[in-house]
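# Examination of the molecular architecture
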Amino acid sequence: MKFHLLHAMVLLLGLSMCTKAYANAPTWSYAGTTGPEHWAELDPAFSLCRSGKVQSPINIDAASPAELPSLNLNYSPGPSTLLHNGHNLNIKPTSQGWISVGPDVFDFQSVYVQTPSEVQINGRNFPLAVYLEHRNQAGQSMMVAILFEIGAKNPVLERFISSIPAQRGDVLTLGRFDAEQLYPVLRDYYDFMGSMTTPPCSEGVRWLVMRTPVQLSEAQLNTFQLAFPMSARPIQPTNNRTIQVGG
């Protein structure tokens, strides 16, 4: 019990420091003079947003079938915090867990909810996407993208959508959260290298994009879009990178 309380306190302190840092961070957005086409001009640290050769998101219009390892999900259900970071909804777990892809093990870091989806499949955008960020012991990031389409109400998303913090920098505590419940039943995935989709657009990020979409209701999407009308970077050149599909 003491460990969990200490972990939660450290997490909240980190979020508090993060929100205070907004005032000193370069301002970027998804439109206008601070939009994606200008990110590289806003700060020298953002140069990869223009010069990078393995940027994300991409349109997946061709992939090579491969014997990819099954995903081994080992998330630890527990309380989380919701952060309105000014661009999207960020969910930080207090008990992280991990995911393994073959011999590669990645610790669970956080969840980002965005609209519309950034990644495309055969030129199709999805109305909403959830990105689960992971990191291995060597510091490499891995993002798992789960795409959503309009259909039945999603009970897992509802807990987030009904508790969206009102303003940038606001933090709310969420009850028990199990990240595995976000995944589709069928877990085939696309596997390729890319980058973070927000400044500084760091490369060397492994991307796993789930092939099967999950459903959310139109009412849920509308509620989320009231808080975050648009939070997606435009499609970037594939540059002949290798994209595999399997699982």
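Computed from a predicted structure; not experimentally measured.

## Describing helix H5 (residues 218-227)
- Three or more residues of H5 are buried, namely Gln220, Leu221 and Phe224. Buried residues in H5, looked at end-on, bunch into an arc of 100°, giving them a common side. Away from its buried face, by an angle of more than 90 degrees, H5 presents the exposed residues Glu218, Ala219 and Leu226.
- Tucked inside the fold, the buried residues of H5 contact strand S5 (89-93), strand S7 (104-114), strand S9 (128-135), strand S10 (141-150), helix H4 (155-161) and strand S14 (214-216).

## Let's talk about unusual backbone geometry
- A cis amide bond, omega 10°, links Ser56 with the succeeding residue Pro57.
- Tracing the sequence through the fold places Pro57 in the loop between helix H3 (48-51) and strand S1 (59-60).
- Cis peptide bonds are those with omega within 30 degrees of zero, and the linkage from Thr115 to Pro116 qualifies with -10°.
- When you line up the elements, Pro116 lands in the loop between S7 and strand S8 (120-121).
- Here Asn239, not a glycine, exhibits a phi torsion of approximately 55°, which is positive.
- On the secondary structure map, Asn239 appears in the loop between H5 and strand S15 (244-246).
- Given the relative accessible area of 43%, Asn239 is considered partly exposed.
- The backbone of Asn240 shows a phi angle near 60°, a positive value even though the residue is not glycine.
- Position of Asn240 relative to the elements: it lies in the loop between H5 and S15.

## Examining empty space enclosed by the protein
- Per the counting criterion, the structure on display carries 1 cavity of 30 Å³ or more.
- In this structure, the largest cavity encloses a volume near 40 Å³.
- If you trace the largest cavity, you find it lined by Tyr75, Ser76, Pro77, Gly78, Ser80, Pro93, Ser95, Gln96, Phe108, Phe177, Asp178 and Ala179.
- Residue composition of the lining of the largest cavity, by class: 6 nonpolar, 5 polar and 1 charged.

## So, the nonpolar core
- In terms of nonpolar packing, the biggest core is built from 38 residues, with Leu132 and Tyr183 touching the most fellow members.
- Dropping the residues within four chain positions of it, Tyr183 is found in contact with Leu71, Leu73, Tyr75, Ile99, Leu132, His134, Val144, Ile146, Met210 and Val214.
- Listed in part, the 18 residues of the second largest apolar core include Val119, Phe126, Val205 and Val209.

## A look at the state of the cysteines
- A full pass over the atoms with the stated rule returns 1 disulfide.
- What pairs with Cys49 in a disulfide is Cys201, and their sulfur atoms sit 2.1 Å apart. Residues Cys49 and Cys201 share a disulfide whose torsion about the S-S bond is about 90°; that sign makes it right-handed. Of this pair, Cys49 sits in helix H3 while Cys201 sits in the loop between strand S12 (189-195) and strand S13 (203-210), and the two are 152 residues apart along the sequence.

## A closer look at the pairing of strand S4 (residues 78-84)
- With 6 of 7 residues buried, S4 lies mostly within the body of the structure.
- As paired elements, S4 and strand S11 (residues 171-177) share 5 bridges and run antiparallel to each other. Bridge pairing in S11 links Thr81 to Thr173.
- Relative to S5, S4 runs antiparallel, the two being bridged by 5 bridges. Within S5, the residue paired with Leu83 across the bridge is Asn90.
- Counting the residues between successive antiparallel strands, the hairpin from S4 to S5 contains 4 residues, one of them, Gly86, with a positive phi of roughly 95°.

## Considerations on the confidence of the model for the protein
- Averaged over every residue, the pLDDT of the protein is 89; the share at 70 or more is 89%.
- Under a pLDDT of 50 for its full length, residues 1-24 has, in the predicted model, 19 contacts with residues more than four places off or in other chains.

## Things to note about the pattern of salt bridges
- Here the structure, examined in full by the defined rule, presents 6 salt bridges.
- The partner of Asp191 in a salt bridge is Arg206, with the nearest N and O atoms 2.7 Å apart. Linking Asp191 in strand S12 with Arg206 in strand S13, this pair joins segments that are 15 residues apart in sequence.
- Classification of Asp191 as buried rests on a relative accessible area of 11%.

Reading the values: rules and limits
Residues numbered from 1 in each chain as written. Predicted model: local features only at pLDDT ≥ 70, side-chain atom pairs only at ≥ 80, totals over all residues. Heavy atoms only, no water. Buried < 20%, exposed > 50% of the residue type's maximum accessible area, 1.4 Å probe, protein only. Helix = DSSP H or I, 4+ residues; strand = E, 2+ residues; numbered from the N terminus. Arc of directions from axis to C-beta. Contact = heavy atoms within 4.5 Å. 1 Å grid on protein atoms, 1.4 Å probe; cavity = no way out; pocket = protein on both sides within 12 Å on 5 of 7 lines; lining within 4 Å. Points joined across faces, edges and corners; volume = space filled by probe spheres on them. Nonpolar A, V, L, I, M, F, W, Y, C, P; charged D, E, K, R; others polar. Core = buried A, V, L, I, M, F, W, Y, C linked by side-chain atoms within 4.5 Å. Disulfide = S-S within 2.5 Å. Pairing = 2+ DSSP bridges. pLDDT = per-residue confidence, 0-100. Salt bridge = Lys/Arg side-chain N within 4 Å of Asp/Glu carboxyl O.

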